[in-house]
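# Topology and contacts: notes
Here's the letter readout for the chains.
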Amino acid sequence: MLLDDTENSDAIGSGQVKSIDFPNIILQSETGQTVKIKTTKQQQADLIFWESIMNIKEAEIWLPYQKEVQYLLDFDWLGDPQFT
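Owing to the predicted nature of the structure, the values given are computational and were not obtained by experimental measurement.

Two strands in a sheet stick together by hydrogen bonds in their backbones, pointing the same way (parallel) or opposite ways (antiparallel). The strand order across the open sheet built from five strands is β3-β2-β1-β4-β5, with neighbouring strands paired in antiparallel fashion. One side of each edge strand has no neighbouring strand; the edge strands of this open sheet are β3 (34-37) and β5 (71-72). Set on the sheet, helix α2 (residues 47-59) makes contact with β1 (12-21), β2 (24-29), β4 (62-66) and β5; between it and β1 the angle comes to about 105°.

What follows covers the pairing of β3. Of the two faces of β3, the one lined by Val-35 and Ile-37 is fully buried and the one lined by Thr-34 and Lys-36 carries no buried residue. When β2 meets β3, the two strands line up antiparallel, connected through four bridges. What sits directly across from Gln-28, in β3, is Thr-34. Connecting β2 to the antiparallel partner β3 that follows it, the hairpin turn spans four residues, and Gly-32 within it adopts a positive phi of roughly 90°.

Turning our eyes to something else, we now look at the pairing of β1. Relative to β4, β1 runs antiparallel, the two sharing five bridges. Of the residues in β4, the one forming a bridge with Gln-16 is Trp-62. In this sheet, β2 lies alongside β1 in antiparallel orientation, the contact comprising six bridges. The partner of Val-17 across the bridge, within β2, is Leu-27.

So, about unusual backbone geometry. Between Phe-22 and Pro-23 the backbone carries a cis peptide bond, its omega angle lying at 10°. By secondary structure assignment, the location of Pro-23 is in the loop between β1 and β2. Phi is positive for Glu-60, close to 55°, though the residue is something other than glycine. The exposure class assigned to Glu-60 is exposed, which follows from its relative accessible area of 54%. For Gln-70, which is not glycine, the phi dihedral falls at a positive 55°. One can find Gln-70 in the loop between β4 and β5. In this structure Gln-70 comes out as partly exposed when scored by relative accessible area, which is 28%.

This paragraph deals with the environment of Asp-10. Inspection of the secondary structure assignment puts Asp-10 in the segment before β1. With 56 residues separating them along the chain, Asp-10 and Gln-66 place their C-alpha atoms 9.2 Å apart.

Calculation rules
Residues numbered from 1 in each chain as written. Predicted model: local features only at pLDDT ≥ 70, side-chain atom pairs only at ≥ 80, totals over all residues. Heavy atoms only, no water. Pairing = 2+ DSSP bridges. Helix = DSSP H or I, 4+ residues; strand = E, 2+ residues; numbered from the N terminus. Contact = heavy atoms within 4.5 Å. Axes fitted to C-alpha atoms, helices over the stretch in contact; angles between N-to-C directions. Buried < 20%, exposed > 50% of the residue type's maximum accessible area, 1.4 Å probe, protein only.

Next comes the structure, spelled out in structure tokens:
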């Protein structure tokens, strides 16, 4: 569940990693929808990133993502993007 209940919260979704279809990450959203998350070239080349995604999948941790462009957020749940 999102902690921010403002107007912009509609732009941010959350989901759990269900599978990895390199170079994409497949999430299941809070509403049960399947979301294909795109990765950047930097993420695609980063072995630690992929290891982290596998660990997140196993732990069933929820990840925030931008709904419109379907990318993972660059900032934390509680971070304000203006200040990162």
